[in-house]
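The residues making up each chain are set out below.
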Amino acid sequence: MSEYDYDVNDVGDIPSESYTDYTYRAVRKNKSDIGLSVIMYISAVVSYGFSLVDGIGSASILQFLALVLVVSAVFVNQRYTWQTYAYRIKPLESRNTGDFIGYSFVVYKIQGKKSVMAANIPCRDCLKIVKCTHKNKHPAELAAYDKPDRYYFTKSLMPAEYYTAAFRADGGIVFISFEPNDALISYLKEYMNRKGSE
């Protein structure tokens, strides 16, 4: 987690402007992914073991089930155990002039030493931020938006609490679900719907 100032002009005695540049890396809130994958690996071994017992007529079905369980467990590990996300609020610059025009909400997908940008959208296009829970994944505050595209950038499998932000996008409305800390939510709420000076 880091927070630092972004200097757009740092020359001599000319006063420089500083802007928020804040990053938060998601942390695992539960061990559901590990528990689920262990159960699937054990079930795969048991299923394959039973397929080798003489007199069982459905050996091929049990072997296929074992394969499906292993593939599913690897998917859970790939998506939740070995991968995480970092969320960033960073200064947004005009493509034409390079001037500061607001802030961007950026999501990075991180696995090992590899980091890939998964989303980059202006904070001013954020319409609403709603806290969700495992029991209430579709709160009434988000029901007004018709058929949004949904993206889940959560580290935890079945998180007890997370946030969903609704953004304006070229193709309509986009929902981004993520697990921020209080500081990042505070910045996003501060900069949402704030018009820039393009």
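Residues numbered from 1 in each chain as written. Predicted model: local features only at pLDDT ≥ 70, side-chain atom pairs only at ≥ 80, totals over all residues. Heavy atoms only, no water.

Caption draft 1: Fine view of the packing of aromatic side chains. Applying the stated criterion to the full structure yields 11 aromatic pairs. Their ring planes at 70 degrees and their centres at 5.4 Å tell us that Tyr87 and Phe178 sit as a pair that is edge-to-face. Taken together, the positions of Tyr87 in strand 3 (residues 83-93) and Phe178 in strand 9 (residues 172-178) put the pair 91 residues apart, joining distant regions of the chain. Between Arg79 and the ring centre of Tyr80, over which it is positioned, the NZ or CZ distance is 4.3 Å. (Phe/Tyr/Trp six-rings, centres within 6.5 Å; stacked < 30°, edge-to-face > 60°. Helix = DSSP H or I, 4+ residues; strand = E, 2+ residues; numbered from the N terminus. Lys NZ or Arg CZ within 6 Å of the ring centre and 35° of its normal.)

Caption draft 2: Up close: the environment of Tyr48. With respect to the helices, strands and loops of the structure, Tyr48 is situated in helix 1 (residues 32-51). Linking Tyr48 and Leu65, residues 17 residues apart in sequence, is a C-alpha distance of 8.1 Å. Ignoring anything within four residues of it in the chain, the contact list for Tyr48 reads Gln63 and Ala66. (Contact = heavy atoms within 4.5 Å.)

Caption draft 3: Spatial organisation of the packing of helix 1 against helix 2 (residues 59-81). The interhelical angle for the contact between helix 1 and helix 2, taken along N-to-C directions, is 160 degrees, at an axis separation of 8 Å. When the interaxial angle is binned, helix 1 and helix 2 end up roughly antiparallel. Along this stretch, helix 1 crosses helix 2, giving a crossing that reads as left-handed. Across the contact of helix 1 with helix 2, the residue classes tally to 17 nonpolar, eight polar and one charged. (Axes fitted to C-alpha atoms, helices over the stretch in contact; angles between N-to-C directions. Parallel < 35°, antiparallel > 145°, perpendicular 65-115°, else oblique. Left-handed = near helix turned anticlockwise from the far one by under 90°. Nonpolar A, V, L, I, M, F, W, Y, C, P; charged D, E, K, R; others polar.)

Caption draft 4: Structural detail: a nonpolar patch on the surface. Taken together, the side chains of Ile34, Val38, Ile42, Val46, Phe50 and Val53 present a nonpolar region at the surface, about 500 Å² in accessible area. Within the fold, Val46 resides in helix 1. The partly exposed category is assigned to Val46, whose relative accessible area is 41%. (Patch = residues over 30% accessible without salt bridge, like charges linked within 9 Å, V, L, I, M, F, W, Y side chains within 5 Å. Areas by Shrake-Rupley, 256 points an atom, 1.4 Å probe, with all protein chains shown as cover. Salt bridge = Lys/Arg side-chain N within 4 Å of Asp/Glu carboxyl O. Buried < 20%, exposed > 50% of the residue type's maximum accessible area, 1.4 Å probe, protein only.)

Caption draft 5: Structural context of unusual backbone geometry. For Lys147, which is not a glycine, the phi torsion comes out positive at approximately 50 degrees. The residue Lys147 is located in the loop between strand 6 (126-133) and strand 7 (149-153) in this model. Here Lys147 falls in the exposed class, since its relative accessible area comes to 75%.

Caption draft 6: Molecular detail of the nonpolar core. Counting 28 residues, the largest nonpolar core has Tyr87, Ile89, Phe105, Ile129, Ile176, Phe178 and Leu184 as its most contacted members. Taken together, the elements giving at least two residues each to this core come down to strand 2 (18-25), strand 3, strand 4 (100-111), strand 5 (114-122), strand 6, strand 8 (161-169), strand 9 and helix 3 (182-191). Looking at which element gives the most residues to this core, the answer is helix 3, with five residues. Those residues in contact with Ile129 that sit more than four places away from it in its chain are Tyr163, Thr164, Ala165, Ile185, Leu188, Lys189 and Met192. By size, the runner-up hydrophobic cluster in this structure holds eight residues, among which are Met40, Ala66, Val76 and Tyr80. (Core = buried A, V, L, I, M, F, W, Y, C linked by side-chain atoms within 4.5 Å.)

Caption draft 7: Quick look at the side chain of Arg88. Examined against the element boundaries, Arg88 turns out to sit in strand 3. For Arg88, a relative accessible area of 18% gives the class buried. Within the structure, Arg88 has its side chain in polar contact with the side chain of Asp21 (distance 2.7 Å). (Polar contact = N/O pair within 3.5 Å; in protein donor to acceptor, adjacent residues only side chain to side chain.)

It is worth stressing that arrangement in space is one thing and function is another; only the former is reported here.
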